[in-house]
There are 2 protein chains.
Amino acid sequence: MLENIRIVLSNTSHPGNIGAAARAMKTMELSRLYLVNPKKYPDAEATARASGADDLLAQATLCDDLDAAIAGCQLVIGASARSRRIPCPVIDPASCAQQAVAESAQGEVAILFGCERSGLSNAEIDRCQSLVQIPTNPVYGSLNLASAVQIIGYEILVAQRHAARSSAGPAMPEHVPAAAEELQRYFEHLESVLVKLEFLDPDNPRKLMRRLRRLYNRARPDENEINILRGVLSATEQERHK
Amino acid sequence: MLENIRIVLSNTSHPGNIGAAARAMKTMELSRLYLVNPKKYPDAEATARASGADDLLAQATLCDDLDAAIAGCQLVIGASARSRRIPCPVIDPASCAQQAVAESAQGEVAILFGCERSGLSNAEIDRCQSLVQIPTNPVYGSLNLASAVQIIGYEILVAQRHAARSSAGPAMPEHVPAAAEELQRYFEHLESVLVKLEFLDPDNPRKLMRRLRRLYNRARPDENEINILRGVLSATEQERHK
């Protein structure tokens, strides 16, 4: 099952952290590493810090943008160190792991880590169904990237072994959410229609879109529902041309 | 409560690992670091890797032997990467954390980490009431020292916050186990009496002692019980001189 869970590191600054994250992943039976625009990669320091997990580096998928890294994923959970103004469901590492393991039985799951200095950007959070927050010392939350991957990976391995032990296996959700790229196409379609309708504030068009994204990311539409929603948008567009 | 939980690093080879462990501890609100015979300490690499957690290094307690590091502890849990021939209760990190947090409400608790290469020695395991084993990939269990401290620390912080949230607080055991040094004095007394009684195999005196240690480490006698047990030993010695 863990084959369906990928770790996505976005805009990582230090190659050593990529190597250390690969090592942390492998100790926890995670093998699929996706790198979005790493600042310096491949790099000797990454290989050195991987220390026996260099096979994960060799097999890592290098991506030009986040879309490519989360393509096909029905669930994207972002790792966030701090509270955000924009409300997005925040879960703890154990819940994140249980959900990731349960959904990995039927599809692809991504756990997304932002860059070391500033974490996830708002545009990255837009693509997440929920955020996982690792509890830390309020006066010293300086968890490095590999340590965060280590803790999330540990919880995933614990959840996976727990699921494997229970004879019933993980609870299989009846609902199969649409892949990340289908959702993204829907949001692009929605935005273009709202622009045409002059519904978006032209000075701040992203603000409303962000709220709408939250709504749909909570709802997690499946493929059929996305088709319906896009059908509505197409009908709206045609109406304007009548 | 976490003030009563100490992290003991025994015979650490690389000072960088001590610094990284201090950083991992501080992110998880642990502050009390005990170092038993570190190979190289203090050291600039330890300070560099501590990265803002150097206050923990400055306050760390340097000890010549394990006895000094676990003095006053009613519970000592050893971190072990592998299964041992000698049976000792093995618990998972969540159980370790729950027990450590619960007992820290009434006394001192130590989590003991052995040296990087070989882990805990048999003599160190002798001093533990139980062993905590972090689940890892069976073909790549290469968890470094700071990563192990990070995971155990994370579970301790989770358990502490959970205990703080529950209005009842952590379950307070009725039984207050004796401190590590009282237990140790009992074992020394017991061994000396058994030698006098010629009960121990002179070719392998440690073997039986190890089994007896297991028994009492499971039972976790309190101070009163230790006094009774030692009273029995004293009576046995006097009997021989009659």
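Residues numbered from 1 in each chain as written. Chains lettered and ligands numbered in written order. Predicted model: local features only at pLDDT ≥ 70, side-chain atom pairs only at ≥ 80, totals over all residues.

Chemist: I'm lost on the interface of chain B and chain A in this one. Help?
Modeler: Much of the literature gives interface size as the accessible area that the parts lose upon coming together. With 23 residues of chain B in contact, the opposing surface of chain A contributes 23 residues. For the side of chain B that touches chain A, the secondary structure elements donating two or more residues are α1 (15-27) and α7 (145-165) of chain B. Ranked by residues supplied to the side of chain B that touches chain A, first place goes to α7 of chain B with 7 residues. Looking at the side of chain B that touches chain A, its residues break down into 10 nonpolar, 9 polar and 4 charged. (Contact = placed C-beta atoms within 7 Å. Helix = DSSP H or I, 4+ residues; strand = E, 2+ residues; numbered from the N terminus. Nonpolar A, V, L, I, M, F, W, Y, C, P; charged D, E, K, R; others polar.)

Chemist: Would you explain the packing of helix α5 (residues 93-104) of chain A against helix α7 (residues 145-165) of chain A in this entry?
Modeler: When two helices pack together, you describe them by how their axes are tilted relative to each other and by the distance separating the axes. Residues and elements named next belong to chain A. At their nearest, the axes of α5 and α7 sit 8 Å apart, and the two run at 55° to each other. By the angle between their directions, the pair α5 and α7 is classed as oblique. Regarding α5 and α7, the two cross each other, and that crossing is right-handed. Contacts between α5 and α7 involve Pro93, Ala94, Cys96, Ala97, Gln98, Ala100 and Val101 from the former and Ile151, Ile152, Glu155, Ile156, Val158, Ala159, Gln160 and Ala163 from the latter. Each residue belonging to the contact of α5 with α7 can be placed in one class, and the counts come to 12 nonpolar, 2 polar and 1 charged. (Axes fitted to C-alpha atoms, helices over the stretch in contact; angles between N-to-C directions. Parallel < 35°, antiparallel > 145°, perpendicular 65-115°, else oblique. Left-handed = near helix turned anticlockwise from the far one by under 90°.)

Chemist: Help me understand the relation of the copies chain B and chain A, please; the structure alone is not making it clear to me.
Modeler: A rotation about an axis combined with a shift along that same axis relates the two copies of the chain. Of the transformation superimposing chain B on chain A, the axial component is 0.0 Å and the angular component is 180°, with the fit at an RMSD of 0.1 Å. Taken together, the turn and the small shift mark the pair as related by a two-fold rotation axis. Considering only C-alpha atoms, the residue of chain B closest to the rotation axis is isoleucine 151 of chain B, which sits at 3.1 Å. Most of the interface of chain B is mirrored in chain A, where 100% of its interface residues again form contacts. (Least-squares fit on C-alpha atoms with pLDDT ≥ 70 in both.)

Chemist: Could you clarify how one ought to interpret helix α8 (residues 180-196) of chain B in this entry?
Modeler: Given 3.6 residues per helical turn, the α-helix brings residues three or four places apart onto the same face. Residues and elements named next belong to chain B. Here α8 spans 24 Å end to end across 17 residues, near enough to the 24 Å set by a 1.5 Å rise per residue. Among the residues of α8, those classed as buried are Ala180, Leu183 and Tyr186. One face of α8 carries all of its buried residues, which in axial projection span an arc of 125°. Turned more than 90 degrees away from the buried face of α8 sit Glu188, Ser192 and Lys196, all of them exposed. Once α8 ends, the next one or two residues include glutamate 198, with phi positive near 55°. (Expected span 1.5 Å × (residues − 1). Buried ≥ 20, exposed ≤ 12 C-beta atoms within 10 Å, placed from the backbone. Arc of directions from axis to C-beta.)

Chemist: Honestly, the sheet that holds strand β1 (residues 5-10) of chain A in this entry has me stumped. Any pointers?
Modeler: All names here are of chain A. Spatially, the 7 strands line up as an open sheet ordered β3-β2-β1-β6-β4-β7-β5, and their pairing is parallel. Since the sheet does not close on itself, it has two edges, and those belong to β3 (61-63) and β5 (90-91), each with one partner. Its contacts with the sheet place α5 against β1, β4 (73-79), β5, β6 (108-113) and β7 (130-132), and it is angled at close to 165° to β4. (Pairing = 2+ DSSP bridges.)

Chemist: Please explain the domain arrangement of chain A as it appears in this structure.
Modeler: All names here are of chain A. Domains assigned within chain A are domain 1 (2-165) and domain 2 (180-241). One C-alpha centre belongs to domain 1, the other to domain 2; they are set 28 Å apart. The interface of domain 1 with domain 2 comprises 13 residues on the first partner and 9 residues on the second. Looking at the side of domain 1 that touches domain 2, the elements with two or more residues in it are α4 (66-70) and β4. A per-class count over the side of domain 1 that touches domain 2 returns 9 nonpolar, 1 polar and 3 charged. (Domains from an automatic or database assignment.)

Chemist: Is there a simple way to think about the sheet that holds strand β1 (residues 5-10) of chain B in this case?
Modeler: Pairing between sheet strands relies on hydrogen bonds along the backbone, with the strands arranged either parallel or antiparallel. Residue and element names in this part refer to chain B. Strand order in the open sheet made by the 7 strands is β3-β2-β1-β6-β4-β7-β5, with parallel pairing throughout. Of all the strands in the sheet, just β3 (61-63) and β5 (90-91) have a single pairing partner and so form its edges. With 5 bridges connecting them, β1 and strand β6 (residues 108-113) associate as parallel partners. Within β6, the residue paired with leucine 9 across the bridge is phenylalanine 113.

Chemist: Is there a simple way to think about the nonpolar core in this case?
Modeler: Across soluble globular proteins, nonpolar side chains show a tendency to be buried alongside one another. Ranked by internal contacts, the top residues of the largest apolar core, which has 124 residues, are Val8, Met25 and Ile156 of chain A together with Val8, Met25 and Ile156 of chain B. Not counting residues within four places of it along the chain, the set of residues in contact with isoleucine 156 of chain A comprises Leu2, Ile5, Met28, Leu30, Ala97, Ala100 and Val101 of chain A. (Core = buried A, V, L, I, M, F, W, Y, C linked by C-beta atoms within 7 Å.)

Chemist: Before we go on, may I ask you to explain the pairing of β6 of chain A in this structure?
Modeler: The two faces of the sheet receive side chains in turn, since in a regular strand these alternate between them. Residues and elements named next belong to chain A. A large share of β6 lies buried, amounting to 6 of its 6 residues. Going residue by residue along β6, you find Glu108, Ala110 and Leu112 tucked away on one face and Val109, Ile111 and Phe113 tucked away on the opposite face as well. In this sheet, β6 lies alongside β4 in parallel orientation, the contact comprising 6 bridges. Each bridged residue has a counterpart across the sheet, and for glycine 78 the counterpart in β6 is leucine 112.

Chemist: Got a minute to help me understand the environment of alanine 53 of chain A in this structure?
Modeler: The topology assignment puts alanine 53 of chain A in the loop between α2 (44-50) and α3 (54-59). We classify alanine 53 of chain A as buried; it has 24 C-beta atoms within 10 Å. Spatially, the C-alpha atoms of alanine 53 of chain A and isoleucine 91 of chain A are 29 Å apart, while their sequence positions differ by 38 residues. Not counting the four nearest positions on each side in its chain, alanine 53 of chain A is found in contact with Ala22, Arg23, Met25 and Lys26 of chain A together with Tyr140 of chain B.

Chemist: How should I be thinking about the confidence of the model for chain A in this particular structure?
Modeler: Where the model shows low pLDDT, its predicted coordinates should not be examined in detail. On average, residues of chain A score 90 in pLDDT, and 93% of them are at 70 or above. Across the interfaces of the predicted complex, the ipTM metric reaches 0.83, alongside a pTM of 0.85. (pLDDT = per-residue confidence, 0-100.)

Chemist: What exactly am I supposed to notice about the environment of threonine 136 of chain B here?
Modeler: One can find threonine 136 of chain B in the loop between β7 (130-132) and α7. Separated by 17 residues in sequence, threonine 136 of chain B and glycine 153 of chain B have C-alpha atoms that sit 17 Å apart. Beyond its immediate sequence surroundings of up to four residues, threonine 136 of chain B is in contact with Thr27 and Met28 of chain A together with Gly141 and Leu143 of chain B.

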